[in-house]
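Here are the chains, one letter per residue:
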Amino acid sequence: MSTGLSAMSFYTPHRYIELAELAEHHGIDPAKFSKGIGQEKIALPGHDEDIVTMAAEAAKPIIDRYGTDGIDTLLFATETGVDQSKSAGIYLHGLLGLPANMRNVELKQACYSATVALQMACAHVARKPDRKVLVIASDVARYDLDSSGEATQGAGAVAMLVTANPTLLEIGTVSGLFTEDIMDFWRPNHRRTPLVDGKYSALRYLNALVEAWRDYQANGGKSYDQFSRFCYHLPFSRMGEKAHRHLAKEVKTSVDMDQALPGMIYNRQIGNSYTASVYLAILSALDNSDEDLTGQSFGLFSYGSGANGEFFDATVQEGYRDHLFDARHREILAERSPVSYEDYIKLWQARSGADGENTVMPDEAAGRYRLASIDDHKRIYTDRNA
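Residues numbered from 1 in each chain as written. Predicted model: local features only at pLDDT ≥ 70, side-chain atom pairs only at ≥ 80, totals over all residues. Heavy atoms only, no water.

The name given to the protein chain in an unreviewed UniProt entry is Hydroxymethylglutaryl-CoA synthase, with the source organism recorded as Tritonibacter aquimaris. UniProt lists a comment for the protein chain under the heading Sequence similarities (unreviewed entry), and it reads "Belongs to the thiolase-like superfamily. HMG-CoA synthase family." (UniProt positions renumbered as here; feature names shortened; annotations may be inferred.)

Following this line, the structure appears as structure tokens:
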């Protein structure tokens, strides 16, 4: 019996700013963004959108297609949680009408926690093959205005249905792991935006990749030449290119960037989505390939600052195309609208309710779910179709 993913779906907000617009405001060459970091757009959530609403939009198509029978666990991975105590998954549970008899918890370790959630989910369904787990990765990447990280912002969510005998991707049982205590990126409780040492973080990312790869090999993992695709955590797309070159150098082979580029297509249009990043890359590689990928193996690297790294693998299952939401994903991206720099600033400065003041949110979300208000410190979510 194998375990893995029988469905994956993503969502990103309906507005974005072109990085060319950001470059014009800063008076710099747009190529610094389009070529320098490999990014084109930054997804921008509205005042009434957050990790919960994006998660609901990502998960609803899976629930509609496959139902809720057998789901007994929801694991919500995020580093931009909306409450210091209550899991974002509890809000999601109510919006989606999930079964009452289930466990529900939020996981945090920078951009890495969705991988922990996936591995925990696979272990659970291996023990109980009749059960299913809904794994959510949802984040808003926000950096200080005029900072070095501003161009690497973004927002998005990926929902995954983990089952026994999966119909989309079988997750391999071998992982390569690496942990070290460093300060490359962190966000203290009193700050809305993180602190980051960008150059140091990139170096530690590459080090974690090599160390995780070596551990993966030591544990009996597949050889480099057994993979047709590689998907990396993508704080920005150029980081994935650097990672692929670095790994090829480690195994002493020539680099084939075509193995990694398909996983970067969505990231260029959305920006950094933290915990969802490597899973968005998987979807990007699956959705945007004309080739039949059945039986092919993907090499996957997940990284979370602070720091954790994990290298693992997935194998594409026969009939996988029947379980994609690629048409919906293309529609989501095609129907988005650009905003001016002035409107971008207004969205960036959206009130978070952190001061405890009651706030009625303007109705801006294009999707079904929205954060309607913050009332007496309580987040009130609504379903337009309810």
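A. Region of interest: the nonpolar core. Counting residues in hydrophobic clusters, the biggest one holds 121 residues, and the most contacted among them are Met-8, Tyr-232, Tyr-279, Leu-286 and Phe-311. If you tally residues by element for this core, the top one is helix H3 (residues 51–66), at nine residues. Beyond its immediate chain neighbours, meaning those up to four positions away, Tyr-232 contacts Tyr-205, Leu-209, Gly-240, Ala-243, His-244, Leu-247, Ala-260, Ser-277, Val-278, Ala-281 and Phe-301. Membership of the second largest hydrophobic core comes to five residues, among which are Cys-111, Tyr-143, Phe-185 and Tyr-274. (Core = buried A, V, L, I, M, F, W, Y, C linked by side-chain atoms within 4.5 Å. Buried < 20%, exposed > 50% of the residue type's maximum accessible area, 1.4 Å probe, protein only. Helix = DSSP H or I, 4+ residues; strand = E, 2+ residues; numbered from the N terminus. Contact = heavy atoms within 4.5 Å.)

B. Broad picture of the UniProt feature "domain: Hydroxymethylglutaryl-coenzyme A synthase N-terminal" (unreviewed entry) in the protein chain. Under the present numbering, the feature "domain: Hydroxymethylglutaryl-coenzyme A synthase N-terminal" (unreviewed entry) in UniProt falls on residues 3–164. The span residues 3–164 is 32% helical and 31% strand by assignment, and the distance between its end C-alpha atoms comes to 4 Å.

C. Region of the structure containing the sheet that holds strand S3 (residues 41–44). The three strands lie next to each other as S3-S2-S15, forming an open sheet whose pairing is mixed. Since the sheet does not close on itself, it has two edges, and those belong to S3 and strand S15 (337–338), each with one partner. Pairing between strand S2 (residues 15–18) and S15: two bridges, direction parallel. Paired with Arg-15 across the bridge in S15 is Ser-337. Sheet strands in contact with helix H1 (residues 19–26) are S2 and S3, and its direction is about 50° off that of S2. (Pairing = 2+ DSSP bridges. Axes fitted to C-alpha atoms, helices over the stretch in contact; angles between N-to-C directions.)

D. How the structure looks around empty space enclosed by the protein. Evaluation of the coordinates by the stated rule reveals two cavities of 30 Å³ or more. Space inside the largest cavity adds up to approximately 100 Å³. In terms of lining residues, the largest cavity is bounded by Ile-42, Ala-43, Leu-44, Pro-45, Val-140, Ala-141, Arg-142, Gln-153, Gly-154, Tyr-344, Leu-347 and Trp-348. The set of elements that each furnish at least two residues to the lining of the largest cavity consists of S3, strand S6 (132–141) and helix H11 (341–348). Across the lining of the largest cavity, the residue classes break down as nine nonpolar, two polar and one charged. The calculated volume of the second largest cavity comes to roughly 40 Å³. Within the residue set of the lining of the second largest cavity, elements represented by two or more residues are strand S1 (3–11) and strand S7 (154–164). The element contributing the most residues to the lining of the second largest cavity is S7, with four residues. (1 Å grid on protein atoms, 1.4 Å probe; cavity = no way out; pocket = protein on both sides within 12 Å on 5 of 7 lines; lining within 4 Å. Points joined across faces, edges and corners; volume = space filled by probe spheres on them. Nonpolar A, V, L, I, M, F, W, Y, C, P; charged D, E, K, R; others polar.)

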